[in-house]
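Structural features, examined
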Amino acid sequence: TEPITVGANLLENDRAALGQTTDIPFTTRVVQSDSLLTYDSFDRLSIAGFSFGELQDDVFGSTKHSFYAVPALVRSNTTGLPMPPPFAYTDRDVDSGVVIMPIATNYAVYGNARQFNFRAGLIPSRVEDDVDYYSNLMLPPSLIDINDGNLITANTTPTLLYDTLYATNNDSVLAPHIRFKFDQNFVNNVNMRDETTFDSDEALSTLLAGVYLETENEPDGLVGLQPLSSGSQISGFYFFYKDTSASMTERFYRMPLALTLPRYEKTYTGSLAGNLLQSGNDLNQVAVSGQGGVMTEINFPDLTMLEDKVINQAEIVFFREMIENYSYDTYPTPSNLGLYYR
């Protein structure tokens, strides 16, 4: 006798009826997403990656992604004490300074733009690390611009980070990245400072509390950045100088990033998503966009038909709408969609 069938006759009256399908009425409406937690002060954790740039279209309106970059003091691994840079002493001068940010190759570029006009403004005061930050963050405005030039190019091909003159192992260092260069006025200000500027966070903030980086002239694209990827020694504030004590050998001083805080701005006026936000319940169209954009709320007004039922599968089917003059090649749909219970 097959063991699986022993006693089966005793269960006949208690078996659930199989193959039932029940249609459940529901309503949908498009709502604006909450801002995103991008820095958790309790665990001292920052969001690993974000995007930089702007998008404008008739479907989702205007999107602008910028960010704040805050430097960390360089400290000794053994003593924990600050290590001022060699150029803070009298016989060395900085030639140039840049912010370098690695490009997230798994995200790369979204949209058409590969070149981005930008501005870099000094953050006016120290940014504290003991509070939470969200994607709608707005620090006091940057009144002093320090960018030298206003154009960066996003290229996922690994390019020269610094050459053999700077590398300690005499080998060129390549990585996909973008760099924002400081102007000569800021470099001159750096060269006027002595080592006491690098003795504490408070002292450093009088020179460089951080920079706010934003795009200009409405580029049509976003570039993915991953400043705090695991094990990354690429991102940070770099200062290049000549070491006069070593026969004019080229050197650089890298300050890592203490914080990278993205700011996401969305404007839906006059767009399809904006119309859906205002229209309330709509069963014909829904909209979803990530990074603090819009989401669709699904409500089930009556679930009485599910009483005394065991549910082993539920389906909601969405169809992607082919919108005229909107390219899903340029603006790909998400590879996955999250569904959660509020």
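Note that the coordinates shown come from a computational prediction; the quantities given were computed from them, not determined experimentally.

**Describing the sheet that holds strand β2 (residues 37-40)**
An order of β3-β2-β9 is seen for the three strands of this open sheet, with the pairing classed as antiparallel. Each edge of the open sheet carries a strand with a single partner, namely β3 (45-46) and β9 (133-134). Sheet topology note: the β2/β3 ladder contains two bridges and is antiparallel. Note on β3: the bridge partner recorded for Asp-40 is Leu-45.

**Points about the side chain of Glu-54**
Its location among the elements puts Glu-54 in strand β4 (residues 50-57). Buried within the structure, Glu-54 lacks any salt-bridge partner; Lys-64 is the closest side chain of opposite charge, at an N-O distance of 4.5 Å. Looking at Glu-54, its side chain comes within polar contact range of the side chain of Gln-56, at 3.3 Å. Setting aside residues no more than four positions away along its own chain, Glu-54 makes contact with Thr-63, Lys-64, Thr-215, Glu-216, Glu-218, Pro-219, Asp-220, Gly-221 and Leu-222.

**Topic: the pairing of strand β16 (residues 236-243)**
Most of β16 sits inside the fold, with seven of its eight residues counted as buried. Where strand β6 (residues 94-102) lies against β16, six bridges are found, and the strand directions are antiparallel. Opposite Val-99, over in β16, you have Phe-237 as the bridge partner.

**Structural notes on the packing of aromatic side chains**
Under the definition given, this model contains 22 aromatic pairs. Each ring, one from Tyr-39 and one from Tyr-133, has its centre 6.0 Å from the other, and the planes form 40 degrees; the classification is tilted. You can see Tyr-39 sitting in strand β2 and its partner Tyr-133 sitting in strand β9, a full 94 residues away along the chain. Among the residues examined, Tyr-39 registers a relative accessible area of 3% and is labelled buried.

**What about a nonpolar patch on the surface?**
Taken together, the side chains of Phe-26, Leu-283, Val-286, Val-288, Phe-300, Leu-303, Ile-316, Phe-318 and Leu-337 make up a nonpolar region of the molecular surface, amounting to roughly 790 Å² of accessible area. Its location among the elements puts Leu-283 in the loop between α3 (272-279) and β19 (294-299). With a relative accessible area of 60%, Leu-283 lands in the exposed category.

Conventions adopted
- Residues numbered from 1 in each chain as written.
- Predicted model: local features only at pLDDT ≥ 70, side-chain atom pairs only at ≥ 80, totals over all residues.
- Heavy atoms only, no water.
- Pairing = 2+ DSSP bridges.
- Helix = DSSP H or I, 4+ residues; strand = E, 2+ residues; numbered from the N terminus.
- Buried < 20%, exposed > 50% of the residue type's maximum accessible area, 1.4 Å probe, protein only.
- Lys, Arg positive; Asp, Glu negative; His and termini not counted.
- Salt bridge = Lys/Arg side-chain N within 4 Å of Asp/Glu carboxyl O.
- Polar contact = N/O pair within 3.5 Å; in protein donor to acceptor, adjacent residues only side chain to side chain.
- Contact = heavy atoms within 4.5 Å.
- Phe/Tyr/Trp six-rings, centres within 6.5 Å; stacked < 30°, edge-to-face > 60°.
- Patch = residues over 30% accessible without salt bridge, like charges linked within 9 Å, V, L, I, M, F, W, Y side chains within 5 Å.
- Areas by Shrake-Rupley, 256 points an atom, 1.4 Å probe, with all protein chains shown as cover.

By themselves, these observations are geometric and do not establish any function.
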